[in-house]
Every structure is written in structure tokens, then in C-alpha cells.
Amino acid sequence: MLNFIGIIIRFFSIMLAGVFSGFLGSLTGLGGGTILVPVLTLFYGIPIIFATGASLISTIATSDGSASAYTKEKIANVNLSISLEMATTGGAIVGSFVAIYMYAHSLSWIVYVIFGSVLLFSLYPAVKKLHSEIPKKTKPDWSTRFFKLSGSYFDERLNQKINYEGSRWYLGETIMFFAGFFSGLLGIGSGALKVLGMDWALNLPMKVTTTTSNFMIGITAATSSTIYWYAGFIQPMIAAATAIGVLIGAYYGSKVLVRISNENIRLIFFSVLIFLGLDMIFSGLDKINLVFVDTVFQFSFAAAIAVITILLLFFHEKFMPIGGKVSEKL
Amino acid sequence: MKNFDDTMVVSHFLRGGSILSVLFIVSGIILLFVKREGDGFTLQQIASYSYSLAHGIDSKDIPTNSIIQGVLKLDGIYFIALGLWLLIFTSISVVVVRLVWFAANKDKKFVIITLVVLFNLFFAMLIVPSLL
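Residues numbered from 1 in each chain as written. Chains lettered and ligands numbered in written order. Predicted model: local features only at pLDDT ≥ 70, side-chain atom pairs only at ≥ 80, totals over all residues. Heavy atoms only, no water.

A look at the overall build of chain B
Piece 1. Broken down by element type, chain B carries 5 helices and 2 strands.
Piece 2. Its helices and strands in sequence order give chain B the pattern α-β-β-α-α-α-α, from N to C terminus.
Piece 3. For chain B, buried positions account for 49% of its 132 residues.
Piece 4. Counted over contacts in chain B with a minimum sequence separation of 6, partners at least 24 positions apart contribute 55%.
Piece 5. As displayed, chain B offers around 6,600 Å² of accessible surface, 68% of which is attributable to carbon and sulfur atoms. (Helix = DSSP H or I, 4+ residues; strand = E, 2+ residues; numbered from the N terminus. Buried < 20%, exposed > 50% of the residue type's maximum accessible area, 1.4 Å probe, protein only. Contact = heavy atoms within 4.5 Å. Areas by Shrake-Rupley, 256 points an atom, 1.4 Å probe, with all protein chains shown as cover.)

Listed below in C-alpha cells is the structure:
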């Protein structure tokens, strides 16, 4: 049993994890939760049931805190977010029920493995478009006008007004349902899937996808977290520490985001995702005794793979840039 | 309504809601550390996060209809609970602001879309508890 000082130290150390997760979550558009859940479970030994509950609350904090800055900058497309939230909130309800079922039937290892897989899976489409600050123009379709998918924003870094026209809303909506589902199941904002849905399916600029995603994350997470509240997955002390920490981190993250290169965002995105994703999968398999090496080796292996992948990506970009024209402009 | 900048209203709602909820959460934590107890649990129990039959406290133990009473009794747990719910409602308020905006602009299509989102939110909040 911890003494009074020990409890205070524990509280502030969890809050620090929140600051780190909030900062990175805001920069990448993932939401703090995607980073917070692995950090709390892998480094603090907090049961995943409470880590996901705290993560959802922190995810709302990230979204509320940073979206207020983004809407001011007028980069986030609020109309677009509302139409996609129909699918994310529906998916979140289904996902939350599946989570409750899994925890009630001692299937938490599946949550770990799915968590890790979702993180790693999020990488592939993003890597393919590594240099696309502004996406190639595609032909608008019926959904462009019907759901108001077009817009413009001023890019501080490029010092120019960017006009864009999204398309294929139906494809984006389908991906958003799964984004909502994983939000409910894993206790995250599913920012990665939302970013990818808007980036790949709707073909929107990266800055619009990350900021709009941040905006939507809060509403998706609000749906899941009310269900988590009634299911008893939210531990007030952990949720309080992480919510404050994530808010602080997200605040500074949003200050940095509007001035940062998209390539930097994506490189941070990749390295963290690879490491945490692999480690979550190992932890899940470890729970059913399918991993035959110790935790230190699992950590080292995941870190080594993350470093090698980032180095490969870095040299691949340097010597074989994709989308050269955009890079020259930068 | 043309001069009404809805994105600024949304921005103010988000900022105001976040600040208010953090104030309640921080006050709750201070109260817990000062009183070293909350809602009948000791600080050690509240700080425990082992999820077992003997675990301390989780959201199931905090009835939402007692939050105001708990806050009036200066109970740290209920201050935190109110802060957490304020965060949730801040997100929801954005949808409500959009609904008002679309209705004021007679944008029927987006009014319906926003109502679907609100239905999902209130389904999770009001109907799900009876299913658990």
C-alpha cells in the first residue's frame, strides 16, 4: 500500500505520461489515447480496462483543447466532420458493447493484439503518400457538393491559400464506421483511421485531415466514454491525472502543429506507432503464453524494428523522393 | 445570421468547457489530497488501480444523479466526476451549436445529419445504461 507521498508521486508520473501522449497525439491527429493506452499498460502496469477508460476521457480533453485552437485557425472542416460523425458515433456504440463483452469473458489479450495491429495497419496507406502535403486533384463526384466536401485554408508554411475538393464520401463514411468501432473497442479516438479515411478515401490535404480528425475525435470518444462510465471502466484518479496531462500536452502540440512540416508529423507518427504497436501485440500474446522471450527483449525488439523502419524511410525519402514537385516547393 | 461566426462560437465553447472541466478536476484532486478521502473511500483505495473484486473505486460506484449533491458536500470524487462529464458535454455542445447553426440557415439536410449524430450520443447516454 502506497503512502501519501507515494500517491502524489504516482499521480504526477501518470500526469506526465498524459503530457507526452497529448503532445504527440495532437501533433499526429491520433488523439492522446492511441499513445496513452500502450504507455499506461506497458510502462505503468495499469489494467487495460482502466487505461482505455482514462484514454477515452483524455481523448476528449485533447480534442476539446486542441480543436478550439484549430477552429480559430479555420483549418478544420466542421461540416465534413458532422457528416462523418454519423458513422463514427454509430461505430463507437457497437465497439463499446464488444469491449464490454470481451472484458467480461477474459478476452483482454485480443484487445491488446487488435490494438497493436490497428496501430501497425494504420502505417501502410500513410507511407504510400509520404510527400503529399497537398493531394493530387481528383474529379469531384456527387458527394463533393451534397456533403460540402470542398473548402480552403491558408497554409502558413507554404504562405498560400490552399483550395481543396474532397470526393468519395461513401468510402470515407465506411472507414469512419470502423474508426468509431475501434474507438469504442480500444478506448481511443481512432485518429489514425480518421486521418487515413480523409487522406486516402476523401483525398483531402493532410492539415485538413489532422485538424478535422481532432475535432471529430471528441464526439466519437464522448459516445464511447458514456458507455464506459456506466460499465465501470473509468477510474477517477487515473482519468483525472491523464485528462490534465493530456490537455497540457495537446495545448503545446496544437501550437507546434500549425508551423510544422507534414513530413515531420508523419515521421513521428511512424516511429511511435511501430514501437507501441509491436509491443502491444507482444503483450497480448504474452498473456496467453504465446511469447517465449522476456519483456525486456520484447521492448528492445520493438524499438529496434521501429528505428530500422524509420531509417529506411528517411533514406528512401532522401534518395528516392515521392512527389518531387511538392518537395521542391517546400 | 450571416455575421454570426459559428466556428468562433464552437471555439469558445470548446475552450470554455475545457477550462471549466479542468478547474473541477483539479479542485477534486486538491480536495482528495487535503481530505485524504472521497465518497467514503480512503485515499489509498482511490489511488489503487488493481482491477479485481477488491479494487477501490470506479465509475460504476459514482451515480451520476448524486454528482451535484457530492459537489455541494465538497467531495473530491464528485468534483472529478463533474469535470469528466463536463468534458463529455463540451463535445456534445459543439454538435448542438452546429444544429442551431444549420437550423438558422434552413439547411434541412445538415439538420437531419446533425440530429442523427445527437441521437447516437443520447442513445449511448440514456438508453445504454438500462441495457447494461
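Anyway, onward from the coordinates.
Description of the nonpolar core
Piece 1. With 125 residues, the main nonpolar core has Leu40(A) and Met237(A) as its most contacted residues.
Piece 2. Contact partners of Leu40(A), with chain neighbours within four places excluded, come to Ile14(A), Ala17(A), Gly45(A), Ile46(A), Ala51(A), Ala54(A), Ile238(A) and Thr242(A). (Core = buried A, V, L, I, M, F, W, Y, C linked by side-chain atoms within 4.5 Å.)

Notes on the confidence of the model for chain A
Piece 1. Averaged over chain A, the pLDDT score is 81; the fraction of residues at 70 or greater is 83%.
Piece 2. Of all helices and strands in chain A, the one with the weakest mean pLDDT is helix 14 (residues 324–329) of chain A (38), whereas helix 4 (residues 78–104) of chain A scores best (91). (pLDDT = per-residue confidence, 0-100.)

Re the interface of chain A and chain B
Piece 1. In this assembly, 63 residues from chain A lie in contact with 59 residues from chain B.
Piece 2. Both sides of the chain A and chain B interface together cover about 5,500 Å² of buried area, and 74% of this is carbon and sulfur.
Piece 3. Summed over the shared surface of chain A and chain B, the result is 0 salt bridges.
Piece 4. Counting across the chain A and chain B interface gives 10 residue pairs in polar contact (both at pLDDT 80 or more).
Piece 5. Residue assignment for the side of chain A that touches chain B shows that the elements contributing at least two residues are helix 1 (4–28), helix 3 (48–73), helix 4, helix 10 (206–231) and helix 11 (236–257) of chain A.
Piece 6. Here the side of chain A that touches chain B gets 12 residues from one element, more than from any other, and that element is helix 10 of chain A. (Buried area = accessible area lost by both parts, 1.4 Å probe. Salt bridge = Lys/Arg side-chain N within 4 Å of Asp/Glu carboxyl O. Polar contact = N/O pair within 3.5 Å; in protein donor to acceptor, adjacent residues only side chain to side chain.)

Focus: the pairing of strand 2 (residues 160–165) of chain A
Residue and element names in this part refer to chain A.
Piece 1. Pairing geometry for strand 1 (residues 150–155) and strand 2, over 6 bridges, is antiparallel. Note that in strand 2 the partner of Phe154 across the bridge is Lys161.
Piece 2. The antiparallel pairing of strand 1 with strand 2 creates a hairpin that spans 4 residues between the two strands, and Asn159 there sits at a positive phi of about 55°. (Pairing = 2+ DSSP bridges.)

Quick look at a nonpolar patch on the surface
Piece 1. Taken together, Val293(A), Phe297(A), Phe301(A) and Ile305(A) make up a surface patch of nonpolar side chains, about 330 Å² in accessible area.
Piece 2. With respect to the secondary-structure elements, Ile305(A) resides in helix 13 (residues 295–319). (Patch = residues over 30% accessible without salt bridge, like charges linked within 9 Å, V, L, I, M, F, W, Y side chains within 5 Å.)

Some thoughts on the packing of aromatic side chains
Piece 1. Scanning the model with the defined rule gives 18 aromatic pairs over all chains in all.
Piece 2. Between the aromatic rings of Trp85(B) and Phe89(B), the centroid separation amounts to 6.0 Å while the plane-to-plane angle is 40°, which identifies the pairing as tilted. Of this pair, Trp85(B) and Phe89(B) both sit in helix 4 (residues 76–104), 4 residues apart, which is roughly one turn of the helix.
Piece 3. On the basis of relative accessible area, Trp85(B) is assigned to the buried category, the value being 6%.
Piece 4. Grouped by ring-pair contacts, the aromatic residues Phe4(A), Phe11(A), Phe12(A) and Phe33(B) constitute a single cluster.
Piece 5. Positioned above the aromatic ring of Phe4(A), the side-chain terminus of Arg36(B) is 3.7 Å from the ring centre. (Phe/Tyr/Trp six-rings, centres within 6.5 Å; stacked < 30°, edge-to-face > 60°. Lys NZ or Arg CZ within 6 Å of the ring centre and 35° of its normal.)

A look at helix 8 (residues 169–186) of chain A
Residue and element names in this part refer to chain A.
Piece 1. The end-to-end C-alpha distance of helix 8, which contains 18 residues, comes to 25 Å, matching closely the 26 Å that a straight helix rising 1.5 Å per residue would cover.
Piece 2. Helix 8 sits mainly inside the fold: 13 of its 18 residues count as buried.
Piece 3. Gly187 lies just past helix 8 and shows a positive phi near 70°. (Expected span 1.5 Å × (residues − 1).)

Considering the side chain of Asn120(B)
Piece 1. Along the chain, the position of Asn120(B) falls in helix 5 (residues 108–131).
Piece 2. When near neighbours in sequence (up to four residues on either side) are disregarded, Asn120(B) contacts Met86(A), Thr89(A), Gly90(A), Ile93(A) and Thr223(A).

A closer look at unusual backbone geometry
When glycine is set aside, most residues are seen to have a negative phi, and most peptide bonds are trans.
All names here are of chain A.
Piece 1. Here Ser106, not a glycine, exhibits a phi torsion of approximately 50°, which is positive.
Piece 2. Tracing the chain through its elements places Ser106 in the loop between helix 4 and helix 5 (108–121).
Piece 3. Residue Ser106 is classed as exposed on the basis of its relative accessible area, which comes to 62%.
Piece 4. Residues other than glycine seldom take positive phi values, yet Asn203 does so here, at roughly 60°.

Topic: helix 5 of chain A
Piece 1. Here helix 5 of chain A is 14 residues long and its end C-alpha atoms lie 20 Å apart, about the 20 Å a rise of 1.5 Å per residue gives.
Piece 2. Taken residue by residue, helix 5 of chain A has Val111(A), Tyr112(A), Val113(A), Phe115(A), Gly116(A), Val118(A) and Leu119(A) as its buried positions.

Topic: the environment of Ile75(A)
All names here are of chain A.
Piece 1. By the secondary structure assignment, Ile75 is in the loop between helix 3 and helix 4.
Piece 2. The class of Ile75 is buried, set by a relative accessible area of 5%.
Piece 3. A C-alpha to C-alpha distance of 7.6 Å links Ile75 and Phe154, two positions 79 residues apart in sequence.

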